Amino acid sequence: MKITDVRTILTCPKQNYLFIKIMTEDPEIYGIGDASMNGREKAVEDLTLEYLRPMLIGMDTDRIEEIWQLIYRGTYWRGGNIMMSALCGIDMALWDIKGKIAGLPLYSLLGGKVRDKVLCYSHVLGKTNEEKIEKAASFVQEKGLKVIRLRAGLPSANGTLNADGIQNTPKVEDWDPEFWADDMINYFIKIRQVVGDKVGIIYDLHERFSPERAIYIMRKLEPYNPFFIEDPIAPDCFESLKTVREHTNVPIAFGELYKSRWECLPGITNRWLDFIRCDLIRIGGITEARKIGAIAETYDVKTAWHGPNDVSPITHAVNWHLNVSAYNFGIQEDGTVDDTVKEVVKGGPVYKDGYLTMEDKPGIGCDVDEEAAKKYPYKRAYIPVCKRPSDNSLCDW
Ligand code: CS2
Ligand code: MG
């Protein structure tokens, strides 16, 4: 089947999302992928329409690997967040088309199910620590979550990550990695006391600490059995990850900022991490996730694909298909999907008692209501930045 058009849908139902829609010779068969990149959506859209669309029209939708390589290698410059996001939107849309033509759900194209449902975790959010402690207890007792996720940061910072108006500059959060490390430890211990020993607690340190501070925190948390510590340090220096690994035995999850298989390699092949948690949109989609997942399986590393609110239900659905069909699945982050988002994007995983399930449909199993999308126009928004209140210096958010 030939590609007849490549279109974009940029919309902001609560968060900005960029979707890529690939049309074929058969008006009934099209594919939709997620190319959302928080804070840079327009750049991805421009690359897609100006450079990728003209070269894709007329190509065969079946040749996903060839198209992936053409965009990745054929660009010559390689990778980068903007290009990999556009590549992901196209890659997902092509897998969606392949599934629709075959009449099979994506997981079936990936080899079929090895499990029936997907263990997941949700974010404990709140404006005060008391509110978060209450939320954690209700997640476990009322929602039935088996694993919950905390994040390092001041409670007052919750809510800075919203596209709640057109922004001209990033919002600023107070943060001081040297000063607040002990508060972060105490918060985790409090939550452990409230939820008991059987509940898994994930702690997202969100690249906020130096290796030395990360080791300090992780060693203090060892007796409290974290499910894993996520992104304790910035991803830029591989030796830092090695140092952290050598000084603590807490399970480590890493990689939501990685942009390629090659960035994942040192952490996986040296076993400096236990869970690889790339964002599918940052790494170029399903085609690359399969390869990273297979390398991880080879080295006894599990997957925990990134799944916050700022990736759309389409990516949540793709994560689900990968998770049910991969032996080395670890756990899935379940971003709460707002009702306004559900009005625009139809389909996606459904939560019940700590697990995610999905109805069988050909392809990825999601669609975008374009009329609804038009009701929520794009709003420029930035990822916030962190500054130390003591001297106004920037640190990792
Ligand atoms: C976070 C993300 O879900 C996570 O693990 O690290 O919420 C991250 O902050 C956002 O994706 C940034 O846009
Ligand atoms: Mg994270």
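For the structure given in this document, a descriptive report is provided here. This structure is a prediction, so every number in the text was calculated from the model and none was measured.

## So, the environment of Gln332
Turning to step 1, where the next piece is worked out: As for its placement among the helices and strands, Gln332 is situated in strand S12 (residues 332-333).
Turning to step 2, where the next piece is worked out: For the pair formed by Gln332 and Arg380, sequence separation is 48 residues and the distance between their alpha carbons is 29 Å.
Turning to step 3, where the next piece is worked out: Apart from the residues within four sequence positions on either side, Gln332 is in contact with Val118, Leu119, Cys120, Tyr121, Trp305, His306, Gly307, Asn319, Asn323 and Leu356.
Turning to step 4, where the next piece is worked out: Within the structure, Gln332 has its side chain in polar contact with the backbone oxygen of Trp305 (distance 3.0 Å).

## What about the pairing of strand S3 (residues 30-34)?
Turning to step 1, where the next piece is worked out: Counting buried residues along S3, five of its five residues qualify, which places the element largely inside the surrounding structure.
Turning to step 2, where the next piece is worked out: Hairpin remark: strand S2 (residues 17-24) followed by S3, antiparallel, with five residues in the connecting loop.

## Section: the packing of aromatic side chains
Turning to step 1, where the next piece is worked out: Applying the stated criterion across every chain yields a total of 14 aromatic pairs.
Turning to step 2, where the next piece is worked out: Ring geometry for Trp68 versus Tyr72: centroids 5.0 Å apart, planes at 25°, classification stacked. Taken as a pair, Trp68 and Tyr72 lie in helix H2 (residues 64-72) at a separation of four residues, close to a single helical turn.
Turning to step 3, where the next piece is worked out: Accessibility expressed as a relative area gives 1% for Trp68, which makes it buried.
Turning to step 4, where the next piece is worked out: Tyr72 gets classed as buried once you look at its relative accessible area, which sits at 6%.
Turning to step 5, where the next piece is worked out: An angle of 25° between the planes, with centres 6.1 Å apart, marks the rings of Trp175 and Trp180 as stacked. By the burial criterion, Trp175 is buried, and Trp180 matches it.
Turning to step 6, where the next piece is worked out: An aromatic cluster is defined as three or more aromatic residues linked by ring pairs; in this entry it consists of Tyr121, Phe227, Phe228 and Phe275.
Turning to step 7, where the next piece is worked out: Taking the ring centre of Tyr216 as reference, the NZ or CZ of Arg213 above it sits at 4.2 Å.

## Here we look at the packing of helix H1 (residues 41-56) against H2
Turning to step 1, where the next piece is worked out: Look at H1 against H2: their axes get within 12 Å of each other, and the N-to-C directions meet at 140°. Handedness of the H1/H2 crossing: right-handed. Only Ile67, Leu70 and Ile71 of H2 make contact with H1, whose side of the interface consists of Leu52, Met55 and Leu56.
Turning to step 2, where the next piece is worked out: Of the residues assigned to the contact of H1 with H2, the class counts are six nonpolar, no polar and no charged.

Reading guide: rules and limits
Residues numbered from 1 in each chain as written. Chains lettered and ligands numbered in written order. Predicted model: local features only at pLDDT ≥ 70, side-chain atom pairs only at ≥ 80, totals over all residues. Heavy atoms only, no water. Helix = DSSP H or I, 4+ residues; strand = E, 2+ residues; numbered from the N terminus. Contact = heavy atoms within 4.5 Å. Polar contact = N/O pair within 3.5 Å; in protein donor to acceptor, adjacent residues only side chain to side chain. Buried < 20%, exposed > 50% of the residue type's maximum accessible area, 1.4 Å probe, protein only. Pairing = 2+ DSSP bridges. Phe/Tyr/Trp six-rings, centres within 6.5 Å; stacked < 30°, edge-to-face > 60°. Lys NZ or Arg CZ within 6 Å of the ring centre and 35° of its normal. Axes fitted to C-alpha atoms, helices over the stretch in contact; angles between N-to-C directions. Left-handed = near helix turned anticlockwise from the far one by under 90°. Nonpolar A, V, L, I, M, F, W, Y, C, P; charged D, E, K, R; others polar.

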